[in-house]
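Reading the structure
Residue strings, one per chain:
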Amino acid sequence: MLAWVVVAVTCFAVAVGGVTGESLFERLHSGAPTVDSEASRAQDVIAESSPTLQTLTMQVSGADLGDPKLVAAGVERTRAVAGVRGVKDVRSPLLAPGGLADPSVAPLLKGGSPAAGGFVTVVDFEPGLDRAAQDTAESAAEKALLAVPDAMGGTGQLGSSNKVITAITSTVERDLLRGEGIALPLTFLVMVFVFGGFVAAGMPIVGAAVAIGGGLLSLFGFSHAVELDATVVNIVTLLGLGLSIDYGLLTVSRFREELAHREHDEPTREEVAHATERTVATAGRTVLFSGLTVAIALAGLLTFEASIMRAIGVAGVSIVLVAMVVAITLVPALCVIGAKRLSRKAIERPSDVGLFSRLAHVVQRRPVLVIAAVVVVLVTLALPTLSMRLTSSGTELLPKGADQRVFFEDLARDYPALTAPEVTVVAASSDRNAVSAWADGFRTSPGVESITVQPLGSTHQRVDVRLAGGPTSDQAQQLVAAVRDSPTPFETLTTGQAAGQIDFLESMSARAPYAVGLVALGTFVLLFLMTGSVVVPVKALLLNVISLGAALGVVVWIFQEGHLEGLLGFSSVGAVESMVPFLVLAFGFGLSMDYEVFLLSRIVEFHRHGAGNDRAVSLGLQRTGRIITSAALLIVIVFAGFVAGDILIIKQMGLALVAAVAIDATLVRMLLVPATMTLLGRWNWWAPVPLRRLHDRFGITE
């Protein structure tokens, strides 16, 4: 226990405390998921000719641009911005040689004229500044910029990509604290009710806190190898929190069950040692199988090309392994230390008859009817997935009304020329006329508002297409497809948010079979080693696919179709974030197999001790039903804490996993599994003779 205290303190000090000079949250990034593709290659060509500079933009409103004195004061203050160290250039209508009437500055004026009293100033910073110099330059530029509207009687709003990232990462950090602030006290109260005591309830919470520290430290380490998206922290942390509580609940429950077999009122040292050995041999084995199964599910993310998916996969595997080690080392140690207190509730041996055994008997009398009814419900819930639309949101990730989201929404509305075009084409040609003639063929495409062609270095042309729809709208995606299918006498590369999303999804789809194959094979092997059956693993895989489809259907119904917006506090973007389905399949599959292992481990245990198939199923459900239900309730509370967060993708992930766990722990684990196992009877335990011999030799038992 003392060793784990040292480890936990070190983990939090390094990852959150910033003892190395910076914390994990200072190393996070934000942006759409990308892969090496046509869209990224186009961006590379653009960056070679016109390197992307860090910028700071200010929108001014309410200024009297008709008053020469106020305009002169604004000009003076704006020139002072250009003198800030680290500033490369300042673009402002106030600095135009021809004054505010100069036609070239119309895009920088609200409504295209001074009459509206609004304008934009864009500050470009020197390239290659290190982080400290960049922060210093931005801070000085902000102060100088805000003096401009003050001198002109207006108000100013500042925005930049760095500010968006800061807003998202700070919101993620706040959501993390809020989610854990909601989850930990509620889970503790539920476990006090489940265990009937504070000591037993506190042990899984302590294990969860230690596991979170280990997970945050692993993320901090990975942030030095790959760019970590801000949302990764919440996704991985909620998984570690949920699994740690599940494993702790299972371990403490089994320890008390084993302690009930003692002969003395107050357990002796030998009885405590024996109970601990039995707990680690049984519940520890279950935790081992469960942890490895969840780790395999997350390892499937490593097969994808997108760095963010691999980062989530590696970090997820790390925190699962930490949670697993904590559950079989720290939690049993806590049980030994608190054995006397735990023994007060461990008086009677668990009964073979109860609510869950009676539920099993009801299901076993009508297995076909139960299977049919549950499948109908799951298929109905899954139907919305057929109309799923995917998107990669930018500032829309922030809650409606957030400063930076409002800033960029206002910028897009009032100064559309300053926003990125929906579709950009890089043409490998020095002949601008030929490229213009080719681009003119798309002017009649749906939603196209304007097309501009400009040189990009000496060997390329840049074609910017602006559309009426959003950057990931159907019109944008259709235009990307049309451009890429269009025959040209020169090479073209298409980029933009829609193009990047198309490339990302194509890459994910191409790698998905490998991920599915890895997860299916790994899960099959583990479950076979645990059960000695080939039927049980195959059935478990099929049932999990159905339940995860139902969970995704719930996500589509809520977030894409816009139901429950007011209740959950979000504004629908008419689609689901592109990473969510893949993450739900990985995380949801792992959690589903978690409960599958909980139940199967006891069924297999009773079956190996001579119980018939139906009896083993009934006893297994009776002994684990309360644990599975409690664990599911606790993990729902954990994920619900993140549904209350402000970042859209975290809301979607949280709700998806709430739905997945709720569906799995009720309809699947309590009804569908006992019904199918009853229907299959002795075929549950079938395996070919060669595989049976293999299990006899390598199978993992107590």
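Preceding this paragraph is the structure being described.
Residues numbered from 1 in each chain as written. Predicted model: local features only at pLDDT ≥ 70, side-chain atom pairs only at ≥ 80, totals over all residues. Heavy atoms only, no water.

1. Points about the overall build of the chain
Within the chain, the regular secondary structure consists of 22 helices and 10 strands. Structurally, the chain occupies a C-alpha span of about 95 × 55 × 40 Å along its principal axes. Among the 702 residues that make up the chain, the fraction classed as buried is 56%. By sequence separation, contacts in the chain at least 24 residues apart represent 79% of the contacts at least 6 residues apart. Split by element, the accessible area of the chain, about 28,900 Å² in all, is 61% carbon and sulfur. Counting 51 positive and 61 negative side-chain charges, the chain places the centres of these two groups 10 Å from one another. (Helix = DSSP H or I, 4+ residues; strand = E, 2+ residues; numbered from the N terminus. Buried < 20%, exposed > 50% of the residue type's maximum accessible area, 1.4 Å probe, protein only. Contact = heavy atoms within 4.5 Å. Areas by Shrake-Rupley, 256 points an atom, 1.4 Å probe, with all protein chains shown as cover. Lys, Arg positive; Asp, Glu negative; His and termini not counted. Charge placed at Lys NZ, Arg CZ, Asp CG, Glu CD.)

2. Here's the deal with the nonpolar core
Taken as a class, soluble globular proteins show a tendency for nonpolar side chains to be buried jointly. Within the largest apolar cluster, 174 residues are counted, with the highest numbers of intra-cluster contacts made by Met309 and Phe587. Of the residues forming this core, the biggest block, 19 residues, is contributed by helix α21 (residues 648–680). (Core = buried A, V, L, I, M, F, W, Y, C linked by side-chain atoms within 4.5 Å.)

3. Overview of a nonpolar patch on the surface
Taken together, the side chains of Met1, Leu2, Val5, Val9 and Ile337 present a nonpolar region at the surface, about 520 Å² in accessible area. Among the elements that line the nonpolar patch, the one with the most residues is helix α1 (residues 2–15), at three residues. Locating valine 5 in the fold gives a position in helix α1. For valine 5, a relative accessible area of 44% gives the class partly exposed. (Patch = residues over 30% accessible without salt bridge, like charges linked within 9 Å, V, L, I, M, F, W, Y side chains within 5 Å. Salt bridge = Lys/Arg side-chain N within 4 Å of Asp/Glu carboxyl O.)

4. Looking at unusual backbone geometry
For leucine 564, which is not glycine, the phi torsion reads 65° and is therefore positive. Tracing the backbone through its elements, the reader meets leucine 564 in the loop between α17 (535–560) and α18 (565–568).

5. Examining the packing of α17 against α21
Where α17 contacts α21, the axes come no closer than 8 Å and their chain directions differ by 140°. For the element pair α17 and α21, the recorded crossing hand is right-handed. In terms of residue class, the contact of α17 with α21 is built from 20 nonpolar, four polar and four charged. (Axes fitted to C-alpha atoms, helices over the stretch in contact; angles between N-to-C directions. Left-handed = near helix turned anticlockwise from the far one by under 90°. Nonpolar A, V, L, I, M, F, W, Y, C, P; charged D, E, K, R; others polar.)

6. Quick word on the packing of α17 against helix α19 (residues 580–608)
Interaxial distance between α17 and α19 falls to 9 Å at its minimum, and their mutual angle equals 135°. With respect to each other, α17 and α19 are oriented oblique. Crossing of α17 over α19 shows right-handed handedness. Residue-level inspection shows Val536, Lys539, Ala540, Leu541, Asn544, Ser547, Leu548 and Leu552 of α17 in contact with α19, the latter providing Pro581, Val584, Leu585, Gly588, Phe589, Ser592, Met593, Glu596 and Leu600. Residue composition of the contact of α17 with α19, grouped by class: 11 nonpolar, four polar and two charged. (Parallel < 35°, antiparallel > 145°, perpendicular 65-115°, else oblique.)

7. Observations regarding the sheet that holds strand β6 (residues 423–427)
Ordered by their spatial adjacency, four strands build an open sheet running β7-β8-β6-β9, and the pairing between neighbours is antiparallel. The two strands at the open ends of the sheet, each matched to only one other strand, are β7 (448–456) and β9 (492–495). In this sheet, adjacent strand axes meet at a mean angle of 20° when their direction is disregarded. The sheet strands contacting helix α14 (residues 432–439) are β6, β7, β8 (460–467) and β9, and the helix crosses β7 at an angle near 165°. (Pairing = 2+ DSSP bridges.)

8. Observations concerning the side chain of glutamate 596
In this fold, glutamate 596 is placed in helix α19. Classification of glutamate 596 as buried rests on a relative accessible area of 1%. Apart from residues no more than four positions distant in its own chain, glutamate 596 is found in contact with Lys539, Ala540, Arg669 and Val673.

9. Digging into α19
Here α19 spans 40 Å end to end across 29 residues, near enough to the 42 Å set by a 1.5 Å rise per residue. Extensive coverage of α19 is indicated by the burial of 26 of its 29 residues. Immediately downstream of α19, the backbone of glycine 610 shows phi near 105°, a positive value. (Expected span 1.5 Å × (residues − 1).)

10. Focus: the packing of aromatic side chains
The geometry of two aromatic rings is summed up by the distance between their centres and the angle between their planes. Under the definition given, this model contains seven aromatic pairs. With a centroid separation of 5.9 Å and an interplanar angle of 70°, the aromatic rings of phenylalanine 304 and phenylalanine 582 are classed as edge-to-face. Of this pair, phenylalanine 304 sits in the loop between α8 (269–299) and α9 (307–337) while phenylalanine 582 is found in helix α19, placing the two residues 278 residues apart along the sequence. Here the two residues phenylalanine 304 and phenylalanine 582 agree in accessibility, since each one is buried. Pairwise contacts between aromatic rings join Trp438, Phe442 and Phe490 into one cluster. The lysine or arginine in question, arginine 682, covers the ring of tryptophan 683, its NZ or CZ lying 5.1 Å from the ring centre. (Phe/Tyr/Trp six-rings, centres within 6.5 Å; stacked < 30°, edge-to-face > 60°. Lys NZ or Arg CZ within 6 Å of the ring centre and 35° of its normal.)

11. Quick look at the pairing of strand β1 (residues 55–61)
Regular strands show a simple pattern: their side chains alternate between the two faces of the sheet. Counted residue by residue, β1 has five buried out of seven residues, so it is predominantly covered. Of the strand pairs in this sheet, β1 and strand β3 (residues 119–125) are connected by six bridges, and their pairing is antiparallel. Of the residues in β3, the one forming a bridge with threonine 57 is valine 122. As paired elements, β1 and strand β4 (residues 155–159) share five bridges and run antiparallel to each other. Opposite threonine 57, over in β4, you have glycine 159 as the bridge partner.

12. So, the pattern of salt bridges
Using the criterion set out here, one finds 22 salt bridges in the structure. In this structure, the salt-bridge partner of arginine 77 is glutamate 76, at a minimum N-O distance of 3.9 Å. Residue classification places glutamate 76 among the exposed positions, given a relative accessible area of 53%. Close ionic contact of aspartate 414 with arginine 413 constitutes a salt bridge, the shortest N to O distance being 3.0 Å. Since its relative accessible area comes to 16%, aspartate 414 is described here as buried.

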